[in-house]
Amino acid sequence: MSPRAVAPARPEIVSHGLRRRRAGWIERATNADHKSVSMLYLGGALTFLVVAAIELALMRIQLIVPEGTTIQPETFDRILSVFGPTVVVLFAIPLALALVGYIVPLQLGARGVAFPRLGLFSAWLYLAGAAVLYGSFLYRPPNAGILSLPPLSTSTFSPTHGVDAWAIGVGLCAVGFTCFAINLLATARTMRAPGMAWRRAPIFSWAGAAICWIQLVTAPVMAAALVMLMIDRHFSGIFFDPQQGGAPLLYEHFAWIFFTGGYVITLLLAAGAISEILPTFARKPIFSHRAAAVSIAAVAVLGPLAWMQNMYAAPIGKGFAFFAMLMALGLLLPVGLLVVNWVGTLWGGALRMRTAPLYAIGAISCLLLGLGGELMYSLVPVGWQLDNTTAAQGATAFVVVGGGVFGGFAALHYWFPKLTGRMLGESLGRLAFWTILVGLYVFVAPMLLAGLKGQPVDVQRFYDDIGLNTYNLVASIGSFVLLAGIVIAVANAAVSFRAGRRTGHDPWGGVTLEWLALSPPPLHNFDAVPDVRSPEPLRDIREAIRERDELWPERRPRPPVAEPAVVGAGTASEPRSAEEAAGAAALPSESVPSAPEAGDERADAVPPPGRATEPGEGDEGETPSGAGGAPVS
Amino acid sequence: MLTRRRLLALALAAVALCALTFAGPAGASIISPRAAHSPNASDIRTAYWVALIVALVLVVLGHLAVFTAVARFRERRGIEPARLTAGRGFFLRAGAPLALLAAGLFAFAVIYTVKAETVEPTAGSGLQASAAQTAQTSVRGVSSQALAQAIETLRNTTPSTGPIGGTVKGGPLEIDAVAQQWVWRFFYPGGPTTAGTYSPSGGRAGDRTFSYVDLTVPVDTAVVLNITSTDVLHRWFVPALGGQVDAVPGHVTQTWFRADRTGVYPGQSTEFSGSGYSTMRIFVHVVSPSAYQRFLRTQTANLQAAQKYVNHVVTAGTVPGEGTP
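Our subject in this report is the structure included herewith. (Residues numbered from 1 in each chain as written. Chains lettered and ligands numbered in written order. Predicted model: local features only at pLDDT ≥ 70, side-chain atom pairs only at ≥ 80, totals over all residues. Heavy atoms only, no water.)

### A look at the side chain of B:T300
All names here are of chain B.
(1) Moving on: Within the element layout of this structure, T300 appears in helix α6 (residues 289-316).
(2) Moving on: When its relative accessible area of 3% is taken as the criterion, T300 is described as buried.
(3) Moving on: Of note is the side chain of T300, whose polar atom sits 2.6 Å from the backbone oxygen of L296. (Helix = DSSP H or I, 4+ residues; strand = E, 2+ residues; numbered from the N terminus. Buried < 20%, exposed > 50% of the residue type's maximum accessible area, 1.4 Å probe, protein only. Polar contact = N/O pair within 3.5 Å; in protein donor to acceptor, adjacent residues only side chain to side chain.)

Right under this line is the structure:
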């Protein structure tokens, strides 16, 4: 007799004695559950967002007046050298990984991840990398620039150990990100819910998979480059030392592959989150699920391949520059189609203008501006003019803040109830949004204009005689406003984490699987994993319940809590465990369409969460009708 | 109420964006780069304006579409959202113009890249205009010949050819720009030198006249810069005279310009190179051909005098006229 025959078809709580209760921080640091790991990433990312904004403000303080003397060049270079990796490696990528690591397994209907300890290890590596990078401030911080390009970062020109801290810190993070990507891709490959084909996978899961593929391909490149750099520095290697026949350009390629990957990840995080948020808040399916998925995949392929567009001034063959330009211009197609898709999603919808869609629309606006700039300097001649000026830097700031901060906070506002069971403060969130938006414009606009006049990046001073004093003054003011907005946003998240208003498991009426789980989800995520028949599994379930209630009113559960509704496929006839009964009781408010949920937040003129739509109207052929959803016996 | 206020804010943002866009032509000087004073810089400016217009149109269209959708399709009592999705082929039709635009931009950029790199001949009023300068070369190639020349440059022993300030016959004036932490050094061609006069290494035949920071060139003359570095990465950038070019140790990169007006054109290194990076400025002094030749003679004389002084200090151990240092 196989164990299958006696084991129940649904999970039960099995315990071999009581677990010893450990201190909270130990639990936080050693819990290998993907949700706990993601919270580690999230905490780190938000912390370093504030740190990066402070560093930016410090550098701008130095640049308020021409030839300022507030911060000495040596100190300025140290701030600059940690600022680059802080933005990309400690903030933007980890934020994307945090949200992806938390949400994607839930969206795909996985009860966990494939390699939980590998995931935990990746978070440790990330935090260790951050500790090493910032630990260097206890002795000698790095000072070899944002990318630590050799020959400047070789032991000849940077004999102190600062660059070692930079290389080890960034290298640990890169290895960590690789581990993370392996874990998540294996999960997405093997642990999806039954019926969750990729064509039905939510767009954010597509973005998450794309983000992990980018990390899997580009992060090891950076790790390898940094190992080579360390060999050069400490073991007389000659990989990058031109005096002995090494190739500094090789490192430049490697570093740009990784950092361009980080840039694209920021873009994909925002694109994925927007593609989830707009349909939910407009109460419409995404305009074209397939086109959005293909666009995301295309961005993930074309974006990193355009890394050499940062190297138009370097001695690379003309053909390589044209290749990079072709890839960068190719991005016009998927990015343009994503915007068309988003507009089509809003068109004819009924947009609830909450904070999450506000951030999402802000992200679209900033991404359009930033990518418009990127489109400009991806043309080789324009790149010669704008590359490494504050104009290019301003466009990048639009993408990083638009994608990372606005896209990231759009996603946070949207999924915060899922992450914590609490709302992320809406009014403070709005205040933060407008503050960041104003700060960003006031910061970036003069930078763009100064860059057109030739102000270079990374400078510790500018000169009175080139007539850019006003631009720099205004940009500095903007950076302070930006810092204030970011502090408000992060403080809002920190406060809401402990004291936000409690909310139900599905405050927005979402249609993807993560809204089926409790908030926050239990260790095993789902008590019952439904069969997925369309890209909108929860809508199918609601339809099925509605249909059942219409056809067989006598089966309507009453009172609601006494007989919880069935959410799993073909499971109704089976005995349920006590644990699940408790979970399910809190679960499907769909079974009680008139029940108020999520408190008073949505009380004003918001229809009940069940989507009143015409069954059979069709959803691009994916679902013949709502009845095709999860079968409920 | 709240909804209306938010709508107003969005509308204001859209108006501000449009104003920014359409006020552009009026205040074009704000959004225009530094005026070009060289044919290659003009090509780059043309590419810039085309790219700017394309990007602005796309960005404004995108904003208009998004804001219109946001403003029109808000949640209202009694309004049920339509389950509107894209029909078959919609995205092919939407993507086709974007693909065409990308292809057009690519072709345009390739043409202007080649155009900006093509060295145009020295104009009539330029230095040694009588020389047949029809040969058009393209810069930015990294040939083995150029590398060999780089090594020569680094050794500072390029033999002098031709008369003072002479151009290579039929070609442009070639100047070697050697970057180091944190200054640019420019070697002029064909400097007249006496053996052992002023080189820091003691002086050899063929030592060339050089200057730091300030590059002096004749007006209307095609100048090709052979750029390299002796230590870390640097980057040549004089906005009025063309684009950015990396100075990479072990490589020679090239750019060219033909300044059309006398004056001083400021520039700056744009690749981070250490603590003195922001002081690494460049001033290109464009002067008349005769002034250029005068400059070369004066510079050479000054260098020789300085070298004599140094030689005296080194050999005699005294500063001339002051006794023991």
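Next, the rest of the story.
### A few points about the sheet that holds strand β9 (residues 263-268) of chain B
Residues and elements named next belong to chain B.
(1) Moving on: Taken in spatial order, the three strands make up an open sheet running β4-β10-β9, and their pairing is mixed. Here the strands that pair on one side only, and so sit at the sheet edges, are β4 (214-218) and β9. For this sheet the average axis-to-axis angle between neighbouring strands, irrespective of direction, equals 25°.
(2) Moving on: Two strands pair when backbone bridges link them, and β4 and strand β10 (residues 281-287) are joined in this way by five bridges, in the parallel orientation. In the sheet register, V217 faces β10, and the bridge partner there is V286.
(3) Moving on: Its contacts with the sheet place α6 against β4 and β10, and it is angled at close to 135° to β4. (Pairing = 2+ DSSP bridges. Axes fitted to C-alpha atoms, helices over the stretch in contact; angles between N-to-C directions. Contact = heavy atoms within 4.5 Å.)

### A word on the interface of chain B and chain A
(1) Moving on: The interface of chain B with chain A comprises 87 residues on the first partner and 99 residues on the second.
(2) Moving on: The largest per-residue losses of area from chain B upon contact with chain A belong to B:E75, B:R83 and B:F272, which jointly make up 11% of the total buried on that side.
(3) Moving on: One salt bridge in this structure joins B:R235 and A:D387, with 3.4 Å as the shortest N-O distance.
(4) Moving on: Applying the counting criterion to the chain B and chain A interface returns 22 residue pairs in polar contact (both at pLDDT 80 or more).
(5) Moving on: Per element, the largest residue contribution to the side of chain B that touches chain A is 19 residues, and it comes from helix α3 (residues 39-72) of chain B. (Buried area = accessible area lost by both parts, 1.4 Å probe. Salt bridge = Lys/Arg side-chain N within 4 Å of Asp/Glu carboxyl O.)

### Details of the nonpolar core
(1) Moving on: A:F177, A:M222 and A:Y251 are the most contacted members of the largest nonpolar core, which totals 187 residues.
(2) Moving on: It is helix α4 (residues 73-107) of chain A that contributes the most residues to this core, 22 residues altogether.
(3) Moving on: A:M222 has contacts with A:W166, A:V170, A:A174, A:Y251, A:F254, A:A255, A:F258 and A:F259, leaving out every residue within four places of it along the chain.
(4) Moving on: Counting 50 residues, the second-largest nonpolar core is a separate cluster that includes A:L332, A:Y377, B:A51 and B:A86. (Core = buried A, V, L, I, M, F, W, Y, C linked by side-chain atoms within 4.5 Å.)

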